[in-house]
Structure formats: C-alpha cells, structure tokens
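One-letter residues, chain by chain:
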Amino acid sequence: MKATMAGLGVLTLAGLVIAAGPATQPSKPVPADQMLSQMLRPQNTSGQPLANSNQPPAIDKTSGAGAVAPGAPAQTVIREGSYLVDRVGRMTRSADGQQLEFSFDVDGKALKDPPVVLLPNLKLMAMETAVKGATRDLRFRITGVVTEYNGRNYVLLEKVVVVTESSQQF
C-alpha cells in the first residue's frame, strides 16, 4: 500500500513538472565580450556586504588580571577566525564564576596570552567530565577556532587532549 502511494505521488509530481513546461525559453548564445561587459558592469548597491571596520583591534578586557606579567602592556584580542593549535593550559572559572575560561600555560618569555572563554560544545563537556573525575589539576592541549565579541576572545573547541606528565616538553 505504501509503495503504491509513493509511486502515485511520484507520477503526480512528474506530471506537474511536464505540464508546467520549461521555466524559461532557451536563449541564443551571448558573445563572450558582451558577457564579460555584463559581468563587469557595477550592480545596484542594495544587498552589499558590510564594510570592514578600519578600527584597530580592541583591547582585551582581561588584560588587567589573569595571565599577564605585572606592568605588561594591554594586549589586543586575537582576530576572529584565527586558530589556536595545540595550546596547553588549564580550564578555570571566570572572575564572576559564570563562564569557563582556558588559561594558557606561559611560555616563560612574554606572558602575553589572556584567558579565552570556552564556548559550549561536546568537547567542553568532555573537559568538564575529565576534571570532575580527576584527583589532580588537569592540563589540556586544545585546538579550536577563535571568535571575538565585546573585546573578549572565545574559542570553539575542535580537539581536546589531557596532557599527561610524560608528554610534557620543555
């Protein structure tokens, strides 16, 4: 019965398409130079994408506290769309306790990386589960894409690995 109904539906749809005929009349070929001039002609201005802002990068709002050296200059945020690749650090709570942040391990040189807010996804859930089940402070190696909003950086995690003591490299 279902197969009959499906077959009838397909036949009805095919009949409607045939009865409607072609949507447009076939046109004669357009010469290449005429086609090029049509393509290069300016279009109307409605529906144009937003122009890039010429403003300098925003100052990271966490530069006053967190992973910066005393007296260090304020750091700019990482540009949206950038990738963090295999960065090591710890999952911490924000100052207000409302968000989870990733605080980078320092490189021993500049201490320039303010924490980034972790965006919710399954990778973050796995990090939370690992921390809940751990008896020690866990360090993670993360990879993810950076976003920017109101002077803060956020990261959408794509890869998360717990760093073990044997995998540390100095």
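Higher on the page you've got the structure.
Structure report, in brief. Source: prediction; values computed, not measured.

Reading the values: rules and limits
Residues numbered from 1 in each chain as written. Predicted model: local features only at pLDDT ≥ 70, side-chain atom pairs only at ≥ 80, totals over all residues. Heavy atoms only, no water. Core = buried A, V, L, I, M, F, W, Y, C linked by side-chain atoms within 4.5 Å. Buried < 20%, exposed > 50% of the residue type's maximum accessible area, 1.4 Å probe, protein only. Helix = DSSP H or I, 4+ residues; strand = E, 2+ residues; numbered from the N terminus. Contact = heavy atoms within 4.5 Å. Pairing = 2+ DSSP bridges. Axes fitted to C-alpha atoms, helices over the stretch in contact; angles between N-to-C directions. Salt bridge = Lys/Arg side-chain N within 4 Å of Asp/Glu carboxyl O.

## Section: the nonpolar core
Across soluble globular proteins, nonpolar side chains have a tendency to be buried as a group.
Argument step 1. Among the nonpolar cores identified, the biggest contains 15 residues, and Leu 84, Met 91, Phe 102, Leu 118, Met 127, Phe 140 and Leu 157 are the most heavily contacted of them.
Argument step 2. Put simply, the parts of the chain that give this core at least two residues each are strand E1 (83-93), strand E2 (100-104), strand E3 (116-118), helix H3 (122-132), strand E4 (139-149) and strand E5 (152-163).
Argument step 3. Apart from the residues within four sequence positions on either side, Leu 157 is in contact with Leu 118, Asn 121, Lys 123, Leu 124, Met 127, Ile 142, Thr 143 and Gly 144.

## Re the sheet that holds E4
Paired through backbone hydrogen bonds, the strands of a sheet run either parallel or antiparallel to each other.
Argument step 1. The strand order around the closed barrel built from five strands is E1-E2-E3-E5-E4, with neighbouring strands paired in mixed fashion. The average angle at which neighbouring strand axes cross in this sheet is 55°, direction not considered.
Argument step 2. As paired strands, E3 and E5 are joined by two bridges and run parallel to one another. By the bridge assignment, Val 117 is partnered in E5 with Tyr 154.
Argument step 3. Relative to the sheet, H3 contacts E1, E2, E3, E4 and E5, its axis offset from that of E5 by approximately 55°.

## Structural notes on the pairing of E4
Argument step 1. Pairing geometry for E1 and E4, over five bridges, is antiparallel. Residue pairing for E4: Arg 87 is matched across the bridge by Ile 142.
Argument step 2. Sheet topology places E4 next to E5; 11 bridges connect them, and they run antiparallel. Each bridged residue has a counterpart across the sheet, and for Phe 140 the counterpart in E5 is Val 162.
Argument step 3. Two successive antiparallel strands, E4 and E5, enclose a turn made up of two residues, where Asn 150 displays a positive phi of approximately 50°.

## Digging into the pattern of salt bridges
Argument step 1. By the definition in use, this model includes five salt bridges.
Argument step 2. Of the charged contacts, one joins Arg 90 and Asp 105 as a salt bridge, the two residues approaching to 3.0 Å between their closest N and O atoms. Of this pair, Arg 90 sits in strand E1 while Asp 105 sits in the loop between E2 and E3, placing them 15 residues apart in sequence.
Argument step 3. Judged by relative accessible area, which is 27%, Arg 90 ranks as partly exposed.
Argument step 4. In this structure, the salt-bridge partner of Arg 139 is Asp 105, at a minimum N-O distance of 2.8 Å. Taken as a pair, Arg 139 in strand E4 and Asp 105 in the loop between E2 and E3 lie far apart in primary sequence, 34 residues in all.
Argument step 5. Through salt bridges that share partners, Arg 90, Asp 105, Asp 137 and Arg 139 make up one connected network.

Remember, this is a structural readout, not a statement about activity or role.
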